[in-house]
Amino acid sequence: MTILSPTLDLKGAVRAQVEAGFDEVQALYRQLHRYPELPFQEHKTSARLAEALGSLGFEVTRGVGGTGVVALLRNGEGPTVMLRGDMDALPIEERTGLEFASRESAENAQGERVPLMHACGHDLHSSCVVGAAGVMAALRERWNGTLMLICQPAEEIFSGARAMLDDGLYERFARPDVVLGQHNMPALAGTVGHIAGRAMAACTNLAVTIHGAGGHGSMPAQTVDPVVIAAHVVTRLQTIVAREVPPEETVVVTVGKLQAGTQANIIPHSAELEINVRSFDDTLHRQVVAAIERIVRAECEAGRSPRAPEFLVLNETIALHNDPVAVDHVRRAHAGHFGSERLYEMPRLNGSEDFPFFGNAEAGGFGGEDIPYVYWFIGATPVSRWAETPGASVADKMRHLEMPHSPYYFPGNPETLRTGIEALAAAALAYLGE
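Residues numbered from 1 in each chain as written. Predicted model: local features only at pLDDT ≥ 70, side-chain atom pairs only at ≥ 80, totals over all residues. Heavy atoms only, no water.

**Regarding the side chain of histidine 33**
Reasoning step 1: Structurally, the position occupied by histidine 33 is in helix α1 (residues 8–34).
Reasoning step 2: Taking the relative accessible area as the measure of exposure, histidine 33 reaches 0% and is therefore buried.
Reasoning step 3: Filtering out sequence-adjacent residues up to four positions away, histidine 33 remains in contact with Glu94, Leu98, Phe100, Ala101, Ser102, His118 and Asp123. (Helix = DSSP H or I, 4+ residues; strand = E, 2+ residues; numbered from the N terminus. Buried < 20%, exposed > 50% of the residue type's maximum accessible area, 1.4 Å probe, protein only. Contact = heavy atoms within 4.5 Å.)

And the structure:
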């Protein structure tokens, strides 16, 4: 595999192609933003993206892993480079005030009608993939190999990457030599952030049902109160991080849901909890989840629960560990393209992604060795807003800005869109260029 540091001529060629297709990509972005869709419901989104990629000469397949899109451009002998974008939205009511703001709603998995918004910028990510596809198609005389583009469903529920892999992504299409992806963050628009090694956390969302024996609130001795058991569970869970996790490790255990009963004088038959676990070490992560189950079972026994508790993993993903060698290659390519002054050190995030499944052979369920991957971050805050935001570092300033999943979050300014397209193209050319 050859590594290219883009020359000035190539840099100029990339930027010229970005500008040539920018209006069309921006129109695509605004359309995707206006009409968001929930995980595994991205039928119109995937159709629009497939159409755009097909018009650029890519071999396009829809319906991979449900609603996923795979697009290939084979351009002679050479490595296979995969660029990944995601495309699902969130059940959030948009409050950005944009002219093209979402007014959509849909039925979720529980049969409830919910508002929809691209509050995490997945519409931006997929639009950048299409923009990069246009650049690479126009510059095919400057590179050799296979460019593999992925528009992935259901990232928000950590299911889309595995769904595409389980549907034979690497067996049916191509096995990449490197996997590249990016995410927007409220850093300065036009900048690109890198982090090697531990970058994003593993995550497990666990549902727990604690069983009791309900009855009248005036006669608690004739009942088994699941609310009391649940209260002990909540407080006891906090000892996992304090007493079972090495102090140099970062682990979060959060009880985000505790639901029981209907009114004050009724002791309910059950209590339901939903627990969020995040860490940066997959082995330690499994130990923490096992500790949660141990504590829940013990508290249920101590509280005389008539039935064993029930556990259900709602969704989970592994930690994202960027390959240091590949990060160095991509960082050098981005420095050559943007200038080192537009790069920043990205702080480690407790947020989570299912992107690492594409590189982890065991967790991703594909054979052979792990595949190196790089996941970087593009800034989304306009210059004027960034200048007036307090803080001495990128991390300090981001604490004062809207983050992804906010109803006010909007990363799709032109500077960020351009940067995202160029960052993908420059990274791909770092591996495919002659």
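**Notes on the packing of aromatic side chains**
Reasoning step 1: Considering all chains together, one arrives at seven aromatic pairs under this definition.
Reasoning step 2: Relative to tyrosine 375, the ring of phenylalanine 355 lies with its centre 4.8 Å away and its plane at 40°, an arrangement referred to as tilted. Taken as a pair, phenylalanine 355 in the loop between β17 (343–345) and α9 (361–364) and tyrosine 375 in strand β18 (residues 373–381) lie far apart in primary sequence, 20 residues in all.
Reasoning step 3: For phenylalanine 355, a relative accessible area of 0% translates into the label buried.
Reasoning step 4: A relative accessible area of 1% places tyrosine 375 in the buried class.
Reasoning step 5: Members of the aromatic cluster, joined through ring pairs, are Phe355, Phe358, Tyr373, Tyr375 and Phe377.
Reasoning step 6: Against the face of phenylalanine 280 rests arginine 348, its NZ or CZ located 4.1 Å from the ring centre.
Reasoning step 7: For the cation-ring pair, arginine 418 lies above phenylalanine 22, with the distance from its terminal atom to the ring centre recorded as 3.9 Å. (Phe/Tyr/Trp six-rings, centres within 6.5 Å; stacked < 30°, edge-to-face > 60°. Lys NZ or Arg CZ within 6 Å of the ring centre and 35° of its normal.)

**A look at the sheet that holds strand β8 (residues 192–194)**
Reasoning step 1: Reading across the sheet, the eight strands line up as β1-β2-β6-β3-β7-β18-β8-β17 and stay open at both edges, with mixed pairing between neighbours. For this open sheet the edge positions go to β1 (59–64) and β17, each flanked by a neighbour on one side alone. Direction aside, the axes of adjacent strands within the sheet are offset by 25° on average.
Reasoning step 2: Sheet topology places strand β3 (residues 80–86) next to strand β6 (residues 145–152); seven bridges connect them, and they run parallel. (Pairing = 2+ DSSP bridges. Axes fitted to C-alpha atoms, helices over the stretch in contact; angles between N-to-C directions.)

**Thoughts on the state of the cysteines**
Reasoning step 1: With the rule as written, the count across this model stands at zero disulfides.
Reasoning step 2: Residue cysteine 128 stays outside any disulfide, its sulfur separated by 11 Å from that of cysteine 151, the closest cysteine.
Reasoning step 3: On the accessibility criterion, cysteine 151 (0% relative accessible area) is buried. (Disulfide = S-S within 2.5 Å.)

**Side note on the pairing of β1**
Reasoning step 1: Bridging between β1 and strand β2 (residues 68–75) involves five bridges; their strand directions are antiparallel. Residue glutamate 59 lies in a different strand from β2, and its bridge partner there is leucine 72.
Reasoning step 2: Once β1 ends, the chain turns through three residues before running back antiparallel as β2, passing glycine 65 with a positive phi of about 65°.

**Some points on the confidence of the model for the chain**
Reasoning step 1: Confidence in the prediction of the chain, expressed as mean pLDDT, is 96, and 98% of residues score 70 or more.
Reasoning step 2: Counting contacts from residues 1–6, a segment whose pLDDT is below 50, to residues more than four positions away or on other chains yields 19 contacts. (pLDDT = per-residue confidence, 0-100.)

**Examining the packing of helix α6 (residues 226–243) against helix α7 (residues 282–302)**
Reasoning step 1: For the pair α6 and α7, interaxial distance at closest approach is 9 Å and the crossing angle is 145°. Relative to α7, the crossing made by α6 is right-handed. Residues Ile229, His232, Val233, Arg236, Leu237, Thr239 and Ile240 of α6 form the contact with α7, whose own contacting residues are Val288, Ala291, Ile292, Ile295, Val296, Glu299 and Cys300.
Reasoning step 2: Class assignment for the residues of the contact of α6 with α7 results in 10 nonpolar, two polar and two charged. (Left-handed = near helix turned anticlockwise from the far one by under 90°. Nonpolar A, V, L, I, M, F, W, Y, C, P; charged D, E, K, R; others polar.)

**Some details on helix α2 (residues 43–54)**
Reasoning step 1: Between the first and last C-alpha of α2 there are 16 Å, a value that for 12 residues agrees with the 16 Å anticipated at 1.5 Å per step.
Reasoning step 2: Regarding α2, the residues found buried are Thr45, Ser46, Leu49, Ala50, Ala52 and Leu53. Angular distribution of buried residues about the axis of α2 spans 160°; they occupy a single face of the element. Opposite the packed face of α2, turned more than 90 degrees from it, sit the exposed residues Lys44 and Glu51. (Expected span 1.5 Å × (residues − 1). Arc of directions from axis to C-beta.)

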